[in-house]
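Analysis of the macromolecular model
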Amino acid sequence: MTVTPPTHRASFAIGDEHAARRVVDVLTEVFFDGEAAVAAFERPDGRWDVTVHFAEAPDRALLQELVTNAASREIAATLAFDTVEARDWVKASLEDLVPVPAGRFVVHGAHDRERVPANKLPIEIEAALAFGTGHHGTTRGCLLLLDHVLKAWQPRRVLDLGTGTGVLGIAAAKALKIGVLASDIDPPSVRVARENARLNETGNLVQVIRATGFSAPEFAKRGPFDLVLANILANPLRQLATPMARHLAPGALVILSGLLTHQAPGVIAAYRARSLVPLRHLRIEGWSSLLLRKLG
């Protein structure tokens, strides 16, 4: 049984993605690895929840000062502190983590390995690494669009940009039985994706690299890409439209997600300006997933 000791938590809400990222960057720079874990998530109302978990009781005055400097004194005044009691987090996660079907794919935990139908492609993700397991509407939307694409087309050069747990890259590698390039800006995500690729017996097919945007030489070496999967966030996707278009083969398909439904038109406009036209738009649990084609 994996029982964690009590952890200390600080949380607050902030008004927009730019402000949330600024605060997260400041806190991540100040606290060493293992000292604190910082996360930010967008709410349906457009505001962002920022949560910091500490192994030891934090210096509240320091934290309030950091949030004041990165955001405002008003935001810092809303900081809430509490303690998360010890529990078997993996067991608790397993209880809620049921297999999720998405077309030909089924994302599951190790405890449900035997429940995957023989005619489906299983993708096993540990419950302790639950972000990106397919339970989120964006991941499921991407898998459904990938399944749709593969019914009529066999891309040969595939990129999973912002891979997270590696689910999308693993799915493409399993379905196509080809090499897939996967990248992420976050070192822990790179390690997790590599481990999940090995767990799913695609470690020899999924090459996971750490990269910001399209800066690494592997993109030019492995491209131009026939298919790109990018489950990130709206603003980064808009910023990546131009470099992504440069790395696409004519007629390439792009699957984008990580968008709240109201953000989809802005992302579509950014990519349409780079000669990518929308083909399909899935809406799942308030999130949008897009399938686009590169003209020319």
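Quick caveat: nothing in here was measured; it's all calculated off a predicted structure. (Residues numbered from 1 in each chain as written. Predicted model: local features only at pLDDT ≥ 70, side-chain atom pairs only at ≥ 80, totals over all residues. Heavy atoms only, no water.)

**Thoughts on the nonpolar core**
Soluble globular proteins tend to bury their nonpolar side chains together. In terms of nonpolar packing, the biggest core is built from 33 residues, with Phe105, Ile123, Leu143, Leu146, Val158, Leu229 and Ile255 touching the most fellow members. Broken down by element, the residue count for this core peaks at seven residues, all from helix α6 (residues 167-176). Each residue touching Val158, except ones within four places of it in the same chain, is listed here: Ala172, Leu176, Ile178, Val180, Leu181, Phe225, Leu227 and Leu229. (Core = buried A, V, L, I, M, F, W, Y, C linked by side-chain atoms within 4.5 Å. Buried < 20%, exposed > 50% of the residue type's maximum accessible area, 1.4 Å probe, protein only. Helix = DSSP H or I, 4+ residues; strand = E, 2+ residues; numbered from the N terminus. Contact = heavy atoms within 4.5 Å.)

**A word on the sheet that holds strand β13 (residues 276-284)**
Pairing within the open sheet is mixed, and its seven strands lie in the order β10-β9-β8-β11-β12-β14-β13. Of all strands in the sheet, those with a lone pairing partner are β10 (206-210) and β13, marking the two edges. Put simply, the sheet's adjacent strands are angled 15° from each other on average, direction ignored. With six bridges connecting them, strand β11 (residues 225-231) and strand β12 (residues 248-260) associate as parallel partners. Counted as the bridge partner of Ala230 is Leu256 from β12. Contacts from α6 reach β8 (158-161), β9 (180-184), β10 and β11 within the one sheet, and its direction differs from that of β8 by about 160°. Those strands touched by helix α11 (residues 264-272) are β12, β13 and β14 (287-294), and its axis lies near 160° from that of β13. (Pairing = 2+ DSSP bridges. Axes fitted to C-alpha atoms, helices over the stretch in contact; angles between N-to-C directions.)

**Remarks on the confidence of the model for the protein**
Atom-level detail of predicted coordinates should not be read off regions where pLDDT is low. Confidence in the prediction of the protein, expressed as mean pLDDT, is 86, and 89% of residues score 70 or more. Confidence scores differ between elements of the protein, with helix α4 (residues 89-96) showing the lowest mean pLDDT of 46 and β8 the highest of 98. Long-range and interchain partners of residues 88-96, a stretch whose pLDDT sits below 50, account for 14 contacts in this model, where long-range means more than four residues apart. Confidence over residues 127-135 falls short of pLDDT 50; this stretch has 25 contacts with residues more than four positions distant or in other chains. (pLDDT = per-residue confidence, 0-100.)

**Looking at the packing of helix α5 (residues 137-150) against α6**
Here α5 crosses α6 at 20°, and the two axes come no closer than 10 Å. Relative to α6, the element α5 is oriented roughly parallel. Relative to α6, α5 is oriented so that their crossing is right-handed. Between α5 and α6, the residues in contact are Thr139, Cys142, Leu143, Leu146 and Leu150 and Val167, Leu168, Ala171, Ala172, Ala175 and Leu176, respectively. Its residues placed into classes, the contact of α5 with α6 shows ten nonpolar, one polar and no charged. (Parallel < 35°, antiparallel > 145°, perpendicular 65-115°, else oblique. Left-handed = near helix turned anticlockwise from the far one by under 90°. Nonpolar A, V, L, I, M, F, W, Y, C, P; charged D, E, K, R; others polar.)

**A word on the pairing of strand β2 (residues 36-42)**
Pairing analysis gives seven bridges linking β2 to strand β3 (residues 48-54), with the strands arranged antiparallel. Pairing of Ala40 across the sheet is with Val50, part of β3. From the end of β2 to the start of β3, which pair antiparallel, there are five residues, and Gly46 there has a positive phi angle of about 95°.

**Section: the pattern of salt bridges**
Side-chain pairing between opposite charges can occur once the charged atoms of the two side chains come close. Taken as a whole and assessed by the stated rule, the structure comprises six salt bridges. With its nearest N and O atoms 2.7 Å apart, the salt bridge here joins Glu124 to Arg113. In this pair, Glu124 sits in strand β7 (residues 121-124) while Arg113 sits in the loop between β6 (105-108) and β7, placing the two residues eleven residues apart along the sequence. We classify Arg113 as partly exposed; its relative accessible area is 45%. One salt bridge in this structure joins Arg198 and Glu195, with 2.8 Å as the shortest N-O distance. Taken together, the residues span about one helical turn, with Arg198 and Glu195 both in helix α7 (residues 187-199) at a distance of three residues. Given a relative accessible area of 51%, Arg198 falls into the exposed group. (Salt bridge = Lys/Arg side-chain N within 4 Å of Asp/Glu carboxyl O.)

**Quick word on the packing of aromatic side chains**
Scanning the model with the defined rule gives one aromatic pair in all. Ring geometry for Phe214 versus Phe219: centroids 5.1 Å apart, planes at 55°, classification tilted. The burial state of Phe214 is the same as that of Phe219; both residues are buried. (Phe/Tyr/Trp six-rings, centres within 6.5 Å; stacked < 30°, edge-to-face > 60°.)

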